[in-house]
Amino acid sequence: MIRDAWRKVRSRGMPPAGEETGSMLPENLIWVFGTARTGSSWLSAIMGEIGGYSRWHEPLVGHLFGNLYYERAGHRSEDEHFILGGRYRYLWLDTLRRFVLDSAAARFPEVAAKEEGYLIIKEPQGSMGAPLLMEALPESRMILLVRDPRDVVASNLDAHKKGTWTADLMRKGGKEKPPSLAESRPDAFVRGQARRYVRDVGNAKKAYDAHRGLKVLVRYEDLRANTLESMKRIYSALEIPVEEAELARSVEKNAWENIPAEQKGEGKFHRKAKPGGWREDLTPEQAEIVEGVAGSLLRELYPVRSTA
Amino acid sequence: MSVFRYPTLSGVARRVRAVLGLETGDTRGALPEPTSADGHSAGGVAPENMIWIFGTGRTGSTWLAAMMEEPEGHDVWFEPRVGTVFDPQRFQRHGGKHFILASQYKDVWLRSIRNFILDGANARFPELDGGYLAVKEPGGSVGAGLIMEALPESGMVLLIRDPRDVVASWLDATRKGGWQTRRRGEGGRRAESLAETNPNAFVRRHAYAYLQHVGSARRAYEAHEGRKVVVRYEDLRADTLGTMKRMYGELDVPVGEAQLAKAVEKHSWENIPEEEKGQGKFYRKATPEAWREDLTRRQVKTVERITAPLLEEFYPKGPAEQQG
């Protein structure tokens, strides 16, 4: 009924409701979806270095809404009383839209103030809600950043072992990292991470396929093999002007080779950056677990490698 | 670059209501200012006419909501689960300024939560002009604190039931053939399996869930400076009409006694057909302290240990062992 009435309103030639002056322009948002450990920090660092860009580091708004919609109350989508129910989809998508735009404008007034500014939203861990976010913000640009699930799982397996960077991160927040399955039951941990990959990248891919606006799919492996060219392709696909020299400088500054050696290695945030490293990191059984759980996405995103 | 600005959909909804000849409700008032100068929204659901029911499942919230729906001009929003979206415990480790619910930007996102709820309420209950809306939200109690902070004018009911009876009720509902198991299908089979194969673990899990849900609701109740009332299921069972009158009195909601008596009578336990009541059914026993028959001694001790702070506050008789 709401949708029909909206059509009536539009057909009477009424102008669309404007958004408040000075608010964030949705088309200036660039969402980076995928999952954790796909190189999203690196990619967003390269983009964030360039003049006119700001970076929103993991707002988790996609997780906030996606978790309820897809997991906790997925069975209630047709229930009229459910806050994210299908009948009122257009209404709550608008709320989600305002939620994001208002929050972005409050945090990044420098971007909201001008039409040329861009806000890169690094949201790999909110990718579960990517379909909702992109539906709510159809003018926004989207980067789907993917990486071989076996490497993603291997990276997470390393990260969640005792005494690694994730424990340091928790300690900074005043908490001790509880014992992880990565230590006690690594195969179960691998299975759980593979499922998480399917949930995150699967939903991000759905959002990507449905999104009619500007978008680009980037593979971590291509970014590693030829960073500058991959970056140029991203800017071109998203129709964002960029000075090549400035881009090259940012690529160079954030290159793996320029990270100090003591900040790299096992148990550290910057670990290997080596596509195919899973062959050394996972047992054959663990690789098989990942291929079993994430096989469909693996074949879709890595059609050649998956048959190797 | 395109400068097309997408229409806001609440704007759309407002126009839609105008097109349909319905009253409009502006829900974009800044917090904590009311949506209009006189403190009332122009139509639909006014935030001060919302009554939130928090607690946890199996505390009699369906029964209470059914009675609250009866008086003329009253309606019930049945488990929107909005509180689940804004469960702060899920994001405890994300305390940074970039997190969408970062404390530095609370004024911004609290307004968003407010709009989210009021827009949802107005869309669903546009005819409730000046009436009251009870929001049955036991399952969203984890977000009670943020909801009540976003809607300080709303009333709040903290609905409590002895945690031992709550856990016993869940155990019954989730066993093989129980109503919850039948309703949930695949998901329910997993829960059923735990209730059947490891009932002690099931009891422990639900005791923690009680602590989390009721604990969150309790903290929200404490912080809420508006109208509020604690209702114990046991009191509601013992003297339904008296408890309902007290509840509406505390909430400052005018309800005629005759109307209330009618609602109480209509939804009384005695008026539920016999075949709809009993073990494994949604309407099970409605007998306070039935946990003495339903739980093992070990299970009782588990629930008492986990929920001790709440049990001591609301049921101060002491643990079962001391009661003889």
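Source: prediction; values computed, not measured.

Draft legend 1. Spotlight on the pattern of salt bridges. Residue and element names in this part refer to chain A. One pass over the full model with this rule turns up 27 salt bridges over all chains. Ionic pairing is found between Glu 229 and Lys 232, a salt bridge with its closest N-O pair at 3.1 Å. Note that Glu 229 and Lys 232 are positioned in helix α12 (residues 227-237) at a spacing of 3 residues, about one turn of the helix. Relative accessible area serves as the criterion here: at 40%, Glu 229 is assigned to the partly exposed category.

Draft legend 2. Highlighting helix α4 (residues 106-124) of chain B. The terminal C-alpha atoms of α4(B), which comprises 19 residues, lie 27 Å apart, in line with the 27 Å expected from a rise of 1.5 Å per residue. Counting buried positions along α4(B) yields 16 of 19 residues, so the element is predominantly enclosed.

Draft legend 3. Structural detail: the sheet that holds strand β4 (residues 155-160) of chain B. Residue and element names in this part refer to chain B. Reading across the sheet, the 5 strands line up as β2-β3-β1-β4-β5 and stay open at both edges, with parallel pairing between neighbours. Each edge of the sheet is formed by a strand with only one pairing partner; in this case those strands are β2 (74-78) and β5 (228-232). Averaged over all pairs of adjacent strands, the angle between their axes in this sheet comes to 20°, without regard to strand direction. Relative to β5, β4 runs parallel, the two sharing 5 bridges. Across the sheet, residue Met 156 finds its bridge partner in β5, namely Lys 228. Along the sheet, helix α11 (residues 240-251) makes contact with β1 (50-54), β2, β4 and β5, crossing β5 at roughly 165°.

Draft legend 4. Structural context of the sheet that holds strand β2 (residues 53-57) of chain A. All names here are of chain A. One open sheet holds the 5 strands; their spatial order is β2-β3-β1-β4-β5, and the pairing between them is parallel. The sheet terminates laterally at β2 and β5 (215-219), the two strands that pair on one side only. Neighbour-to-neighbour, the strand axes of the sheet open up by a mean angle of 20°, direction not taken into account. Direction of pairing for β2 relative to strand β3 (residues 118-122): parallel, over a ladder of 5 bridges. Bridge assignment links Ser 54 to a residue of β3, and that residue is Leu 119. Seen against the sheet, α12 touches β2, β4 (141-146) and β5 and runs at an angle of roughly 165° to β5.

Draft legend 5. Looking closely at the packing of aromatic side chains. The tally for this structure, following the rule as stated, stands at 15 aromatic pairs over all chains. Ring plane angle 5° and centroid distance 5.5 Å describe the contact between A:Trp31 and A:Phe33, whose orientation is recorded as stacked. With relative accessibility at 0%, the residue A:Phe33 sits in the buried group. Taking the centre distance of 6.2 Å and the plane angle of 50° together, the rings of A:Phe99 and B:Phe86 count as tilted. Taken as a pair, A:Phe99 in helix α4 (residues 89-107) and B:Phe86 in the loop between α3 (82-85) and α4 lie in two separate chains rather than in one. No difference in accessibility class separates A:Phe99 from B:Phe86, as the two residues are buried.

Draft legend 6. Broad picture of the confidence of the model for chain A. Residues and elements named next belong to chain A. Per-residue pLDDT for chain A averages 86, and the proportion of residues at 70 or more is 90%. When the elements of chain A are averaged for pLDDT, helix α1 (residues 2-11) gives the smallest value, 38, and helix α6 (residues 130-136) the largest, 98. Low pLDDT, under 50, characterises residues 1-21; the predicted model gives this stretch 36 contacts beyond four residues in sequence or across chains.

Draft legend 7. Quick look at the confidence of the model for chain B. Residues and elements named next belong to chain B. Summary statistics for chain B give a mean pLDDT of 80 and a share of 75% for residues scoring 70 or more. The low-confidence segment residues 1-42, where pLDDT is below 50, has 102 contacts with residues more than four positions distant or belonging to other chains. For this predicted complex, the interface confidence reaches an ipTM of 0.83, while the overall pTM sits at 0.83.

Draft legend 8. Region of interest: the nonpolar core. Core analysis: the largest hydrophobic core is formed by 110 residues, its most contacted members being A:Met24, A:Trp31, A:Phe65, B:Met50, B:Trp52 and B:Phe86. Excluding its chain neighbours within four sequence positions, the residues that come into contact with B:Trp52 are B:Val82, B:Ile117, B:Val135, B:Glu137, B:Ile147, B:Met148, B:Leu151, B:Ser154, B:Gly155, B:Met156 and B:Val157. Formed by 26 residues, the second largest nonpolar core is a distinct cluster that contains A:Tyr118, A:Ile143, A:Leu238 and A:Ile240.

Draft legend 9. Representation of the packing of helix α2 (residues 40-49) of chain A against α12(A) within the structure. Residue and element names in this part refer to chain A. The N-to-C vectors of α2 and α12 enclose an angle of 70°; their axes lie 12 Å apart at closest approach. Considered as vectors, α2 and α12 are oriented roughly perpendicular to each other. Contacts between α2 and α12 involve Trp 42, Leu 43, Ile 46 and Met 47 on the former and, on the latter, Thr 227, Met 231, Ile 234 and Tyr 235. Grouping the constituent residues of the contact of α2 with α12 by class yields 7 nonpolar, 1 polar and no charged.

Draft legend 10. View of the packing of helix α7 (residues 149-159) of chain A against helix α10 (residues 186-210) of chain A. Residue and element names in this part refer to chain A. Where α7 contacts α10, the axes come no closer than 9 Å and their chain directions differ by 130°. Taken as axis vectors, α7 and α10 run oblique relative to one another. Every pair of crossing elements has a handedness; the one defined by α7 and α10 is right-handed. Contacts between α7 and α10 involve Pro 149, Val 152, Val 153, Asn 156 and Leu 157 from the former and Pro 186, Phe 189, Val 190, Gln 193, Ala 194 and Tyr 197 from the latter. Classifying every residue of the contact of α7 with α10 by side-chain character gives 9 nonpolar, 2 polar and no charged.

Parameters and conventions
Residues numbered from 1 in each chain as written. Chains lettered and ligands numbered in written order. Predicted model: local features only at pLDDT ≥ 70, side-chain atom pairs only at ≥ 80, totals over all residues. Heavy atoms only, no water. Salt bridge = Lys/Arg side-chain N within 4 Å of Asp/Glu carboxyl O. Helix = DSSP H or I, 4+ residues; strand = E, 2+ residues; numbered from the N terminus. Buried < 20%, exposed > 50% of the residue type's maximum accessible area, 1.4 Å probe, protein only. Expected span 1.5 Å × (residues − 1). Pairing = 2+ DSSP bridges. Axes fitted to C-alpha atoms, helices over the stretch in contact; angles between N-to-C directions. Contact = heavy atoms within 4.5 Å. Phe/Tyr/Trp six-rings, centres within 6.5 Å; stacked < 30°, edge-to-face > 60°. pLDDT = per-residue confidence, 0-100. Core = buried A, V, L, I, M, F, W, Y, C linked by side-chain atoms within 4.5 Å. Parallel < 35°, antiparallel > 145°, perpendicular 65-115°, else oblique. Nonpolar A, V, L, I, M, F, W, Y, C, P; charged D, E, K, R; others polar. Left-handed = near helix turned anticlockwise from the far one by under 90°.

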